[in-house]
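Now for the letters of each chain:
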Amino acid sequence: MPHPSPSFAAVRASERLAGTPVVRRGTDWWLDTPTGSVLASDPAFTRELDRFAADMAAANQTVSELCAQPKTHRKARR
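### Considerations on the pairing of strand β2 (residues 28-33)
When strand β1 (residues 22-25) meets β2, the two strands line up antiparallel, connected through four bridges. Looking across to β2, one finds that Arg25 is bridged to Asp28. Adjacent in sequence and paired antiparallel, β1 and β2 are bridged by two residues, among which Gly26 carries a positive phi angle near 65 degrees. Alignment of β2 against strand β3 (residues 36-40), held across five bridges, turns out to be antiparallel. Counted as the bridge partner of Trp30 is Leu39 from β3. Counting the residues that bridge the hairpin from β2 to β3 gives two residues.

### Points about the side chain of Thr46
Looking at the secondary structure, you find Thr46 in helix α1 (residues 43-68). Look at Thr46 and you get buried, because its relative accessible area is 16%. At 3.1 Å, the side chain of Thr46 forms a polar contact with the backbone oxygen of Pro43. Dropping the residues within four chain positions of it, Thr46 is found in contact with Trp29 and Ala40.

### Focus: the sheet that holds β3
The strand order β1-β2-β3 describes an open sheet built from three strands, whose pairing is antiparallel. Two strands lie at the open edges of the sheet, namely β1 and β3, each paired on one side alone. Going across the sheet, the axis of each strand differs from the next one's by a mean of 35 degrees, ignoring polarity. In the packing of α1 onto the sheet, the strands contacted are β1, β2 and β3, and the crossing angle to β2 comes to about 90 degrees.

### A short note on the nonpolar core
By size, the foremost hydrophobic cluster in this structure holds five residues: Leu17, Val22, Trp29, Ala40 and Leu49. Ala40 has contacts with Trp29, Trp30, Phe45 and Thr46, leaving out every residue within four places of it along the chain.

### Observations concerning the pattern of salt bridges
Taken as a whole and judged by the stated rule, the model has three salt bridges. Between Asp32 and Arg16 there is a salt bridge, and its shortest N-O distance comes to 3.1 Å. Of the two residues, Asp32 sits in strand β2 while Arg16 sits in the segment before β1, which places them 16 residues apart along the sequence. Under the relative-accessibility criterion, Asp32 is labelled buried at 0%. Of the charged contacts in the structure, one is a salt bridge between Arg24 and Asp50, with a shortest N-O distance of 3.0 Å. Of the two residues, Arg24 is situated in strand β1 and Asp50 in helix α1; the sequence distance between them amounts to 26 residues. By relative accessible area, which is 32% here, Asp50 ends up partly exposed.

The rules behind the values
Residues numbered from 1 in each chain as written. Predicted model: local features only at pLDDT ≥ 70, side-chain atom pairs only at ≥ 80, totals over all residues. Heavy atoms only, no water. Pairing = 2+ DSSP bridges. Helix = DSSP H or I, 4+ residues; strand = E, 2+ residues; numbered from the N terminus. Buried < 20%, exposed > 50% of the residue type's maximum accessible area, 1.4 Å probe, protein only. Polar contact = N/O pair within 3.5 Å; in protein donor to acceptor, adjacent residues only side chain to side chain. Contact = heavy atoms within 4.5 Å. Axes fitted to C-alpha atoms, helices over the stretch in contact; angles between N-to-C directions. Core = buried A, V, L, I, M, F, W, Y, C linked by side-chain atoms within 4.5 Å. Salt bridge = Lys/Arg side-chain N within 4 Å of Asp/Glu carboxyl O.

Honestly, it's all geometry; don't read function into it.
The following block contains the structure:
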């Protein structure tokens, strides 16, 4: 079942891809602006969005792990 297009006002900033006007709903990517939403349907473009989202998730995970380390351990890594 296709996901409904996102409403600009209803989309939280945390749902956007790195502060861009791109939102993922299920398996679909949407370009979302105050004037409307458009389904991103170009396979090459959506593959790049998938890759960028995976890279962002990996970077966020690494930052979280670094922040969770004790301060003395972080100093030793410098």
